[in-house]
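Examining the three-dimensional arrangement
Here's the letter readout for the chains.
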Amino acid sequence: LDLILMGPPGAGKGTQAKILSQRLGIPHVASGDLFRDHLHRQTPLGQLARQYMDRGELVPDDVTIGMIRERLEQPDCRDGVILDGFPRTPAQAQALDEMLSEMGRSLVAVLYIRVREELLLRRLAGRWTCRTCGAVYHIEFNPPRVPGRCDLDGGTLYQREDDTEEVQRRRIQVYQEQTAPLVSFYRDRGLLVEVDGEQPIPEVTAALLQAIEIRR
Ligand code: AP5
Ligand code: ZN
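Predicted model, so just to flag it, every value in this text is computed and none were measured.

Bound to the zinc ion (ligand 2) are the protein donor atoms Cys130 (SG), Cys133 (SG), Cys150 (SG), Asp153 (OD) and Asp153 (OD), situated 2.2 to 2.6 Å from the metal. In the primary structure, the donors to the zinc ion (ligand 2) are separated according to the pattern C-x2-C-x16-C-x2-D. With Cys130 in strand S5 (residues 127-130) and Cys150 in the loop between strand S6 (136-138) and strand S7 (157-158), the pair connects residues that are 20 residues apart, well separated along the chain. By relative accessible area, which is 4% here, Cys150 ends up buried.

Next up on the list: the UniProt feature "binding site: AMP" (unreviewed entry) in the protein chain. Feature annotation in UniProt places "binding site: AMP" (unreviewed entry) on Ser31, Arg36, Glu57, Leu58, Val59, Gly85, Phe86, Pro87, Arg88, Gln92, Arg160 and Arg171, given in this structure's numbering. Taking the farthest pair of C-alpha atoms as the criterion, the annotated set spanning 141 residues is dispersed, since that pair is 24.6 Å apart. Assignment of secondary structure puts Glu57 in the loop between helix H3 (44-53) and helix H4 (61-72). Residue contacts for Glu57: discarding those within four places in its chain leaves Tyr52, Arg170 and Val174. As for its position among the elements, Arg88 is in the loop between strand S3 (82-84) and helix H5 (90-102).

To continue, consider the site of ligand 1. Taken together, 35 residues sit near ligand 1, with Thr15, Glu57, Arg88, Arg127 and Arg171 positioned nearest. Measuring from a nitrogen atom of ligand 1, one finds a side-chain N or O atom of Ser31 at 2.7 Å. Between an oxygen atom of ligand 1 and a side-chain N or O atom of Arg171, the distance comes to 2.7 Å. Isolated, ligand 1 exposes 1100 Å² of accessible area, and the fraction of that covered by the protein chains is 96%. Of all the secondary-structure elements, those providing two or more residues to the shell around ligand 1 are helix H1 (13-24), helix H2 (31-41), helix H6 (117-125) and S6. The element that contributes the greatest number of residues to the shell around ligand 1 is H2, accounting for 4 residues.

Conventions we followed
- Residue indices begin from 1 for each chain and proceed along its sequence in written order.
- Written order decides the labels, with chains lettered from A and ligands numbered from 1.
- Under the rules for a predicted model, residues below a pLDDT of 70 receive no local features and side-chain atom pairs below 80 are neither given nor counted, while totals for whole chains, interfaces and linings still include all residues.
- To get the side-chain values, take all heavy atoms of the structure and skip hydrogens and water.
- Only nitrogen, oxygen and sulfur atoms count as donors, using a 2.8 Å cut-off from the metal that widens to 3.2 Å for Na, K and Ca. Water is left out, so coordination shells may look unfilled.
- Each helix is a run of H or I in the DSSP string that is no shorter than four residues. Each strand is a run of E no shorter than two, and both are numbered from the N terminus.
- Per-residue accessibility, obtained with a 1.4 Å probe over protein chains only, is compared with the maximum for each type, and a residue is labelled buried under 20%, exposed over 50%, and partly exposed between these values.
- UniProt positions are given in the numbering used here, feature names are shortened, and annotations may be inferred rather than shown by experiment.
- By the convention used here, residues are in contact when the closest approach between their heavy atoms is within 4.5 Å.
- When we say a residue is near a molecule or strand, we mean one of its heavy atoms is within 4 Å of it.
- The term polar contact refers here to a pair of N or O atoms within 3.5 Å; inside protein, the definition further demands a hydrogen-donor-capable atom paired with an acceptor-capable atom, and it admits residues adjacent in sequence only when both atoms are side-chain atoms.
- All accessible-area figures derive from a Shrake-Rupley calculation using a 1.4 Å probe, and residue coverage is judged against the displayed protein chains alone.

As structure tokens, then:
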């Protein structure tokens, strides 16, 4: 079962992907998380990615595609993945098609989480992430039970380095320019499912699960 979660920065891709991964028993593969892991471990790839991430620009396609290919070859990805943040350009979408077809697989659905632009900055500004497990909270919309602590493991919550307002605006702009065209690309292929991402988190999850059940 191979799925893509698409949508602008702050739409709730990571939030929903984590929940779906648990419910469906397939791994959550987030390009942004993979880059942040490289950054944290100070690998050469992480050092290269940082130059782009700090500015809200896309990391070059060849680097990104290579990283995802490596991840998809891991044994835990054998029965499918939930992709979050990949593909983001037409070249990445094409590479994904090739990788999946080499493995004898194909996309089941592209789930597009729709949220109006004016809401995105409010969501990103209030986001706090667990240092230990990556769980995502919101100071107002999804607060942790204990301030500054993860509900799941008590880990410390932090704000992402690319969550300054300037970089957030640039990420949204880059999404509109480079990634939004993929919406019609997948719609034309009959794979796109649009879900209203302005509903509360559990309602969005329910809508996504329903769309997946119909298609699989
Ligand atoms: P990435 O990590 O992918 O960031 P992004 O696309 O900007 O998306 P976000 O993680 O900011 O948002 P999200 O949709 O996951 O929202 P979330 O669930 O956290 O990419 C970062 C950088 O890495 C890029 O800029 C680029 O440099 C590089 N990169 C990554 N992939 C790449 C690629 N393929 N090619 C090239 N470069 C790449 O939710 C946001 C907030 O809203 C949270 O606080 C949450 O609690 C809250 N929230 C969620 N849902 C709801 C709801 N329904 N109601 C109310 N609040 C909600
Ligand atoms: Zn945690």
